[in-house]
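Chain by chain, the residues:
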Amino acid sequence: MTTPEPTVLTRDCVATTVPYGESVVLDAGGEVHIVQQLGGSITVRTEFGLLLRIDGHDADALGLDAPTAVAHAVDGDFDIDQVNAVLDTIYDPEIPISILELGLVYRCEAIELEDGRRRVEIDMTMTAPGCGMGDVLSGDATRAVEALPGVDEVEVTLVWDPPWSMHRISEAARLQLGLL
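Residues numbered from 1 in each chain as written. Predicted model: local features only at pLDDT ≥ 70, side-chain atom pairs only at ≥ 80, totals over all residues. Heavy atoms only, no water.

### A word on the sheet that holds strand β9 (residues 153-158)
Using the following cut-off: A strand pair is defined by DSSP finding two or more bridges across the two strands. Strands are runs of DSSP state E lasting at least two residues, helices are runs of H or I lasting at least four, and both sets are numbered from the N terminus onward. Simply put, an axis is a line fit to the C-alpha atoms, just over the touching stretch for a helix, and the angle between two N-to-C directions goes from 0 to 180 degrees. We call two residues in contact whenever any of their non-hydrogen atoms come within 4.5 Å of each other.
The strand order across the open sheet built from three strands is β7-β8-β9, with neighbouring strands paired in mixed fashion. Each having just a single partner strand, β7 (105-112) and β9 make up the two edges of the open sheet. Here the average twist between neighbouring strands, direction ignored, is 15°. Both β7 and strand β8 (residues 118-124) contribute to a ladder of seven bridges, which runs antiparallel. What sits directly across from E112, in β8, is R118. Its contacts with the sheet put helix α1 (residues 80-87) on β7 and β8, and the angle it makes with β7 is roughly 145°.

If you want it as structure tokens, here you go:
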């Protein structure tokens, strides 16, 4: 979805370099091309080819409306399917596929604690051990799951064993990427 015409930043905003995960400030008046706007973030490319991820709450700096929260049918009761649904709204900033469809989530389990509270434990990985986006995407997962009813704690652990491979990508995502 790369925009043919550059977008001019209307104000300074914080961005994260992809795939390094370093925080930078984009200056007002700078030009970027929007690569994708999925989930709660926007990926842009600078004139030098650098990919950057901008959080949705800074969409106005690009002249865009902030992404609306994805509606989920929640009736106040906890449901593990709701956890998977919100994880499916978190997108890899380089590939327009959710972390769930990419196979980055290895384990997602609800644990009833002795005091009656509930912790959701998530083991996830990145496509490569050197990917700096691990903290960013695990933070996105934590915030999304914490917002669900009946979730008292969220623990996201980055794991590297087994190593991620393209075989973990869902069939639907492979089709979307032209890998089938």
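### Brief notes about unusual backbone geometry
For residues besides glycine, phi is generally negative; the peptide bonds are generally trans as well. In this model, V18 is joined to P19 through a cis peptide bond whose omega is 10°. Relative to the helices and strands, P19 resides in the loop between β2 (13-18) and β3 (23-26).

### A short note on α1
Inclusion rule: When a residue's accessible area, from a 1.4 Å probe over protein chains only, is under 20% of the maximum for its type it is buried; when over 50% it is exposed; and in between it is partly exposed. Along the arc lie the directions from the helix axis toward the C-beta atoms. We call two N or O atoms a polar contact when they sit within 3.5 Å, provided that within protein one can donate a hydrogen and the other can accept it, with sequence-adjacent residues counted only if both atoms are side-chain atoms.
Every buried residue of α1 is accounted for by Q82, V83, V86 and L87. Taken down its axis, α1 places every buried residue within 140° of arc, on the same side. Its buried side turned inward, α1 meets β7, β8 and α2 (134-146). Between a side-chain oxygen at the N-terminus of α1 and the backbone nitrogen of D81 the separation is 2.9 Å; the capping residue is D79.

### A few points about the sheet that holds strand β6 (residues 51-55)
Taken in spatial order, the six strands line up as β1-β4-β5-β6-β2-β3 in an open sheet, and their pairing is antiparallel. Unpaired on one side and paired on the other, β1 (7-8) and β3 mark the two borders of the sheet. Bridge count for strand β5 (residues 41-46) against β6 is five bridges, and the pairing is antiparallel. The residue bridging V44 from the neighbouring strand is L52, located in β6.

### Details of the packing of α1 against α2
The following threshold applies: The labels follow the angle: roughly parallel below 35 degrees, roughly antiparallel above 145, roughly perpendicular from 65 to 115, and oblique for the rest. Crossing handedness is read from the near helix: turned anticlockwise from the far helix by less than a right angle, it gives a left-handed crossing, and turned clockwise, a right-handed one. Classification used: nonpolar for Ala, Val, Leu, Ile, Met, Phe, Trp, Tyr, Cys and Pro, charged for Asp, Glu, Lys and Arg, polar for all others including Gly.
Contact geometry for α1 and α2: axes closest at 9 Å, N-to-C directions at 140°. The pairing of α1 with α2 is recorded here as oblique in orientation. Read as a crossing pair, α1 and α2 show a hand that is right-handed. Taking contact as the criterion, the partners of V83, V86 and L87 in α1 are, on α2, A141, A144 and V145. Taken together, the residues of the contact of α1 with α2 break down into six nonpolar, no polar and no charged.

These figures capture arrangement, not role.
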